[in-house]
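Commentary on secondary and tertiary structure
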Amino acid sequence: MSPPVAPPGWSRWLVPPAALSVHLSIGQAYAWSVFKPPLESALGLSGTQSALPFQLGIVMLGLSAAFGGTLVERKGPRWAMTVALICFSSGFLLSALGASLEQYWLIVFGYGFVGGIGLGIGYISPVSTLIKWFPDRPGMATGIAIMGFGGGALIASPWSAQMLESFGGDSSGIALAFLVHGLSYAVFMLLGVLLVRVPRHAPGARGTARQAPIGPQVSADQALRTPQFWCLWIVLCMNVTAGIGILEKAAPMITDFFADTSAPVSVTAAAGFVALLSAANMAGRIGWSSTSDLIGRKNIYRVYLGVGALMYALIALFGDSSKPLFVLCALVILSFYGGGFATVPAYLKDLFGTYQVGAIHGRLLTAWSTAGVLGPLIVNWIADRQEEAGRHGASLYGLSFVIMIGLLVVGFVANELVRPVDPRHHVPAPKEAARVERQQSESA
């Protein structure tokens, strides 16, 4: 399947909606916490066990993005979106079968392994294409698309809760909800497959991407040899760990925090909290990434990591005494979490150029894989141990939040160490010129 080249007159503003259709679908992953309580009840699982499909999905996201990044660059966004559609939808169908048979391992394999591959390939499928269409505003362009991944739960959370209420929270009801998800998302993702285009390379042609300024260009293999890549790896991993720790356990967390108060949180309100977090996640992706075009990538990550640590400190100290404070701090943390994802492709473009930015981005997402295990493991494992010790309410999470503050400080320091890439890692200009000329002849 060859990359579809935009015809004359094609508007670059049609590309972000194509990316959104895929990212809004795979963003369902952020609504997994809605399924945790019914799965725990129907299959007798612990909080740590019910987090496993989500954790494995995030691990596979990073691994498939890392190993598939170069292939996505070569075969183009339509091929990548098609693979994502097949894997993500198949993961739900396998999970539906697993829930129906009450075989939890099949849910883990379907949603986590197969669906996780769809997450990774789908996540990186439009990034390089968007940067090529919008070299003048890379933060805004990637923010628009990646905003969809953060906003997926805004749709999926209330939709999933309503289905579980209608179908029932037992294994058969969960199976039916998974089935509807798989079929519906397949149709929606197909819109992106049909709509996406790559830009022509003829300069000045109507409807083509604007020409990127000449700057440093670094290959994916060389990027791995630079300290900048690994500093950004730490930055992304720490920021994601801090956000995903709340997001994965959002519904039960807010319920636990105020269970011993005069105004406990209902199941419906907890699902609404998940939707609010998704909205903050989504808004942060477009808002903060667009801001980075104005103030710079390094400065915006100083905000993500420094202010994020302050928000965690406020929740740890005062969160259980004020619902508005708890919700506000959580929303800010999730906006930084989403903003970090949307800003990092532009950060990579600034440091390494556009030569193989998609492949470099895929490799960097192994940080997400690590954080996808680390964040939920910290929060769930500590909460389970505290519960076994007889504690309850907000005390289940105090130690977790202190750890998150420490991780954000580590990320802040790593961001301060980022410097321009040494010229010895750059691709020689003649080689880059030959590559562009070859791409032009292949597209003609």
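Quantities reported herein were computed from a predicted structural model and do not represent experimental measurements. (Residues numbered from 1 in each chain as written. Predicted model: local features only at pLDDT ≥ 70, side-chain atom pairs only at ≥ 80, totals over all residues. Heavy atoms only, no water.)

Let's talk about the overall build of the protein
Defined as follows: Only DSSP runs of H or I covering at least 4 residues are called helices, and only runs of E covering at least 2 are called strands; the numbering of each starts at the N terminus. Put simply, the radius of gyration uses C-alpha atoms, and a globule should come to 2.2 Å times the residue count raised to 0.38. Throughout this description, buried means an accessible area under 20% of the type-specific maximum (1.4 Å probe, protein chains only), exposed means over 50%, and partly exposed covers the range between. Between two residues, a contact is recorded if the distance between any of their heavy atoms is within 4.5 Å. Surface accessibility in these figures is a Shrake-Rupley result with a 1.4 Å probe; residues are shielded only by whichever protein chains are displayed. For the purpose of counting charges, residues Lys and Arg are taken to be positive, whereas Asp and Glu are taken to be negative. His and the chain ends are not included. Each charge is placed at NZ for Lys, CZ for Arg, CG for Asp and CD for Glu.
Tallying secondary structure elements over the protein gives 19 helices and 0 strands in all. Here the protein has a C-alpha radius of gyration of 21 Å; the compact-globule value for 444 residues is 22 Å, and the two agree. When burial is assessed residue by residue, the protein has 57% of its 444 residues classed as buried. Considering only contacts in the protein between residues 6 or more positions apart, those separated by 24 or more positions represent 85%. In the structure as shown, the protein presents an accessible area of about 16,500 Å², 67% of it carried by carbon and sulfur atoms. Positive and negative side-chain charges of the protein, numbering 27 and 21 respectively, have mean locations separated by a distance of 14 Å.

Notes on the pattern of salt bridges
Worth spelling out the cut-off: By salt bridge we mean one thing: a side-chain nitrogen of Lys or Arg within 4 Å of a carboxyl oxygen of Asp or Glu.
This structure, assessed with the given rule, holds 6 salt bridges. Notably, a salt bridge pairs Asp350 with Arg297, separated by 2.6 Å at the nearest N-O pair. With Asp350 in helix 15 (residues 323-352) and Arg297 in helix 14 (residues 297-318), the pair connects residues that are 53 residues apart, well separated along the chain. According to the relative accessible area criterion, Asp350 is partly exposed, its value standing at 37%. On the basis of relative accessibility, which here comes to 8%, the residue Arg297 falls in the buried class.

What to know about a nonpolar patch on the surface
Short version of the rule: Within this analysis, patches are made of residues with over 30% relative accessible area and no salt bridge. Like charges are joined at 9 Å or less; nonpolar side chains (Val, Leu, Ile, Met, Phe, Trp, Tyr) at 5 Å or less.
On the surface, a cluster of nonpolar side chains totalling about 400 Å² of accessible area is made up of Leu93, Phe167, Leu176, Leu179 and Leu183. If one sorts the elements of the nonpolar patch by residue count, helix 9 (residues 171-195) sits on top with 3 residues. Structurally, the position occupied by Leu183 is in helix 9.

Things to note about helix 14
At 3.6 residues per turn, the α-helix brings residues three or four places apart onto the same side. We count it as follows: Given the number of residues in a helix, its expected span is that number minus one, multiplied by 1.5 Å.
An ideal rise of 1.5 Å per residue puts 32 Å on 22 residues; helix 14 measures up with 31 Å between its terminal C-alpha atoms. If you check which residues of helix 14 are buried, you get Arg297, Ile300, Tyr301, Tyr304, Leu305, Gly308, Ala309, Met311, Tyr312 and Ile315.

A word on the side chain of His181
Threshold: Pairing of N or O atoms within 3.5 Å defines a polar contact, subject to two protein rules: one partner must be a possible hydrogen donor and the other a possible acceptor, and residues neighboring in sequence count only if both atoms are side-chain atoms.
Position of His181 relative to the elements: it lies in helix 9. Within the structure, the side chain of His181 is placed 2.9 Å from the side chain of Ser160, a separation counted as a polar contact.

What to know about the packing of aromatic side chains
The line we're drawing: For this analysis, a ring pair means two rings from Phe, Tyr or Trp (six-membered ring only for Trp) whose centres lie within 6.5 Å, classed as stacked if their planes differ by under 30 degrees, edge-to-face if by over 60, and tilted for the remaining angles.
According to the stated counting rule, one finds 30 aromatic pairs in the structure shown. Note on Phe92 and Tyr111: the rings are 5.5 Å apart at their centroids and 85° apart in plane angle, and the pair reads as edge-to-face. Taken together, the positions of Phe92 in helix 5 (residues 77-101) and Tyr111 in helix 6 (residues 104-124) put the pair 19 residues apart, joining distant regions of the chain. Ring geometry for Phe273 against Phe326: centres 5.8 Å apart, planes inclined by 40°, an arrangement best described as tilted. Residue Phe273 is found in helix 13 (residues 267-295), and its partner Phe326 is found in helix 15; the two are separated by 53 residues along the sequence. Residues Phe273 and Phe326 agree in their burial class; the two are buried.

A word on the packing of helix 11 (residues 227-247) against helix 16 (residues 357-364)
Rules: Axis geometry follows a simple rule: fit a line to the C-alpha atoms, using only the stretch in contact for helices, then measure angles between N-to-C directions, giving values from 0 to 180 degrees. Oblique is the label for every angle not falling under 35 degrees (roughly parallel), over 145 degrees (roughly antiparallel), or within 65 to 115 degrees (roughly perpendicular). What makes a crossing left-handed is the near helix being turned counterclockwise from the far one by less than a right angle; a clockwise turn instead makes it right-handed. Note on residue categories: nonpolar means Ala, Val, Leu, Ile, Met, Phe, Trp, Tyr, Cys or Pro, charged means Asp, Glu, Lys or Arg, and polar means any other residue, Gly included.
Axis separation between helix 11 and helix 16 bottoms out at 10 Å; the angle between their running directions is 50°. It follows from the interaxial angle that helix 11 and helix 16 lie oblique. Every pair of crossing elements has a handedness; the one defined by helix 11 and helix 16 is right-handed. Here helix 11 contributes Phe229, Leu232, Trp233 and Leu236 to the contact with helix 16, which in turn contributes Ile360, Arg363 and Leu364. Its residues placed into classes, the contact of helix 11 with helix 16 shows 6 nonpolar, no polar and 1 charged.

Comments concerning the confidence of the model for the protein
Any residue range with low pLDDT should be treated as having predicted coordinates unsuitable for detailed reading. Counted only if it meets this: The pLDDT value tells you how sure the predictor is about a given residue, anywhere from 0 up to 100.
Residues with a pLDDT of 70 or more make up 92% of the protein, whose mean pLDDT is 85. The low-confidence segment residues 202-213, where pLDDT is below 50, has 18 contacts with residues more than four positions distant or belonging to other chains. Low pLDDT, under 50, characterises residues 440-444; the stretch is placed with 3 contacts to residues that sit more than four places away or in other chains.

Some remarks on the environment of Gln222
Tracing the sequence through the fold places Gln222 in helix 10 (residues 220-223). By relative accessible area, which is 25% here, Gln222 ends up partly exposed. Residues Gln222 and Leu331 lie 109 residues apart in sequence; the distance between their C-alpha atoms is 37 Å.

So, the environment of Ala84
Tracing the backbone through its elements, the reader meets Ala84 in helix 5. In this structure the C-alpha to C-alpha distance between Ala84 and Gly122, which are 38 residues apart in sequence, comes to 4.8 Å.

Looking at helix 18 (residues 398-416)
Formally: The arc in question is the one traced by the directions running from the helix axis out to the C-beta atoms.
For helix 18, built from 19 residues, the straight-helix expectation of 27 Å at 1.5 Å per residue is met to within 8% by its first-to-last C-alpha distance of 28 Å. Listing the buried residues of helix 18 in full gives Ser400, Phe401, Met404, Leu407, Leu408, Gly411, Ala414 and Asn415. Each buried residue of helix 18 lies within a common arc of 125° when the element is viewed along its axis, so the set occupies one face. Turning to helix 18, the residues buried within the fold contact helix 11, helix 12 (250-257), helix 14, helix 15 and helix 17 (366-388).

Observations concerning the side chain of Ser369
Summarising the element assignment, Ser369 is placed in helix 17. Judged by its relative accessible area of 7%, Ser369 is buried. Here the side chain of Ser369 touches Val59 through a polar contact of 2.7 Å, landing on its backbone oxygen. Apart from residues lying up to four places away in sequence, Ser369 is in contact with Ile58, Val59, Leu61, Gly62 and Leu63.

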